[in-house]
Structure formats: structure tokens, C-alpha cells
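Structure at a glance
Chain by chain, the residues:
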Amino acid sequence: MLPVPIHVDGYILGGLVLICSRPPFNSLIQAYDYVCSLNEEWKFLLQSRWTKVKGLYIITRYVPFFLVATNLHMNSTSNENPNKCRILIDVSSCFSLISIACSECIFVIRTYVLWNKNIIVLIGMLSTFVAIVVTSIGIRFTTIATSQITTSAITGCSPSSPSVRFFAPFIILFVFQLGLASLTLVRVIQSWRSAKGHLHAILLKHNMFYYACGLLLSVVNVLVPMLLSNSVYYSLFEGLQIFILAILATRMHLHLWHIDRHVHGSEALVCISMSDMSPADCTV
């Protein structure tokens, strides 16, 4: 293991951005979204049957809370404990990767349903997804293992990586999300040409705006390292993407479930399975 230098970060403004914005800001986003969707979420948890997709939803929804707790602990870690800091960074990276992977799984399933459960599309998406996950894990933990650990009395601990490899997973994620958005856009165009309806309504029906928001976050995380030299801002936008992506995926799932429940009647107990994650009329 490389020697771990300990120093106090001299970028006071950057430190204030991190300590005042990263974990508290992410906590505020999570808490606000949870409170706003509490009624809908508990209806879904209590009235839907236990399936693989429901388990995926729960993991996607609640892993970010563990990530917030880990990041808060990282920010309060004393600068005499670099080994503990490295362990916390590894744990935080695990939670981040799990959250992103589960969020993208929900988008993959949605895209699969929009393509009328086309097995070729599914195999293509899953193969690409597995390759991206394995590559991201390798890049992420290799970069952390070879990077220096920066500990500060202001900002706690964080990896100090001069290499772009630390943000390479977000470049890969951007390419994957672009592929999912493109597949969905193809279905939107096909549906628009066949139905000759309003384009805005078809975009909403295909949840295109959820895909677009996730893609926009990836673009921001790709551009920030090029435009800003302070790693504090990298961490801020990285955390923002992880939390917002989980919110987008779970909100989309809740929206689809409530539409499906309304279609089948308010008294029905709807089973949302891996192949049934869409309204009954969404097949085009």
C-alpha cells in the first residue's frame, strides 16, 4: 500500500462547499423526496406483491440512506486515522455502485418492456450492463487503492486522485444511458408515427423525461472535471447524480405502478414482476 499523507486542505471555500453541501444537501434531497412520496410509497409497499422488481425497488430506494450515513461519518473522521478513512471510502464506493447499478436496472427493465419484451434487445442491454459494472468496479477500486487519502479538519477524508480514471465510470455510465435513451427515443418515434398523436404525450407515456434527466446528470459529471480543477466539486456532483438517479428510477416505478393499479381497479392487488413493469396499455 502506498504511504498515506495527511494534510489540512487549504481550499477553505472548497471545504465549505463540501461540508455544507455534500452530505447535508444529499440528506435534504432524500428526506424531501421521501416525505413527498411517503403516502404513495407505503401504498406500493403494502399493496403490491413481493417480486424481484419490488426487491430491486427497495434496494434502490434505501441504499442512498446508507450512503448518506457513510459520507457523514467520513466528514467527521479525525485526521489521525487515515486507514479508517480508506475503509470508509471503500464502503462509500460500494454503496454508490450498488445504488447506480440498481437504478440503471430499473431503466433497463423499462426499456425492455417498451420494446415489447424483445429478447435480442434484453440480451444486448444486459451484456453491456454487466460489462460496464465489471469495468466500473475495476476502475473505481484500482484508482482508490493507488490514490492518496486526503484528510482535513474541515472536510474529513476523501480520495485525492489526479487521474481522470476516478471519473471514468461516469463516462461509461453516460454512454450506457445514451444507449438506453436512444432505444427509448426510437420507440417514441415509432409510436408517434403509427398513432399520429401529440409528441409531448407520447414522450410522457414512454417516460422519456426520466431518461433525459439521468443523461443530463451524467453529462454534468463528465464536464465538471474538465471545467473545474478542485476535486471538491467533483465529489459534490458525483453524489448529486447518485441520489437523483435513484429518485428518478424509483419515482418512475411508482408512477407506473399507480397507473397500472388505476387501470386494474383500486381494489386490485397488482403484481409487478420483471416482465410486467408497465401499464397495460403501454405496449406499442
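Presented here is an overview of the structure given in this document. (Residues numbered from 1 in each chain as written. Predicted model: local features only at pLDDT ≥ 70, side-chain atom pairs only at ≥ 80, totals over all residues. Heavy atoms only, no water.)

Thoughts on the packing of aromatic side chains
One pass over the structure, following the stated rule, counts eight aromatic pairs. Between Phe 44 and Tyr 57 the ring centres are 4.8 Å apart and the planes differ by 70 degrees, which places this aromatic pair in the edge-to-face class. Note that Phe 44 is positioned in helix H2 (residues 38-47) and Tyr 57 in helix H3 (residues 52-75), a separation of 13 residues in sequence. Exposure class is identical for Phe 44 and Tyr 57. Each is buried. Ring geometry for Phe 107 versus Tyr 211: centroids 5.1 Å apart, planes at 65 degrees, classification edge-to-face. You can see Phe 107 sitting in helix H4 (residues 82-114) and its partner Tyr 211 sitting in helix H8 (residues 208-227), a full 104 residues away along the chain. Among the residues examined, Phe 107 registers a relative accessible area of 3% and is labelled buried. (Phe/Tyr/Trp six-rings, centres within 6.5 Å; stacked < 30°, edge-to-face > 60°. Helix = DSSP H or I, 4+ residues; strand = E, 2+ residues; numbered from the N terminus. Buried < 20%, exposed > 50% of the residue type's maximum accessible area, 1.4 Å probe, protein only.)

Quick word on the packing of helix H6 (residues 168-195) against H8
Running from N to C, H6 and H8 cross one another at 155 degrees; their axes reach a closest spacing of 9 Å. One element, H6, and the other, H8, form an angle in the roughly antiparallel class. Of the two elements, H6 crosses H8, and the hand of that crossing is left-handed. Touching Phe 170, Ile 171, Leu 173, Phe 174, Gln 177, Leu 178, Leu 180, Ala 181, Thr 184 and Leu 185 of H6 are Met 208, Tyr 211, Gly 214, Leu 215, Ser 218, Val 219, Asn 221 and Val 222, all from H8. When its residues are assigned to classes, the contact of H6 with H8 shows 13 nonpolar, five polar and no charged. (Axes fitted to C-alpha atoms, helices over the stretch in contact; angles between N-to-C directions. Parallel < 35°, antiparallel > 145°, perpendicular 65-115°, else oblique. Left-handed = near helix turned anticlockwise from the far one by under 90°. Contact = heavy atoms within 4.5 Å. Nonpolar A, V, L, I, M, F, W, Y, C, P; charged D, E, K, R; others polar.)

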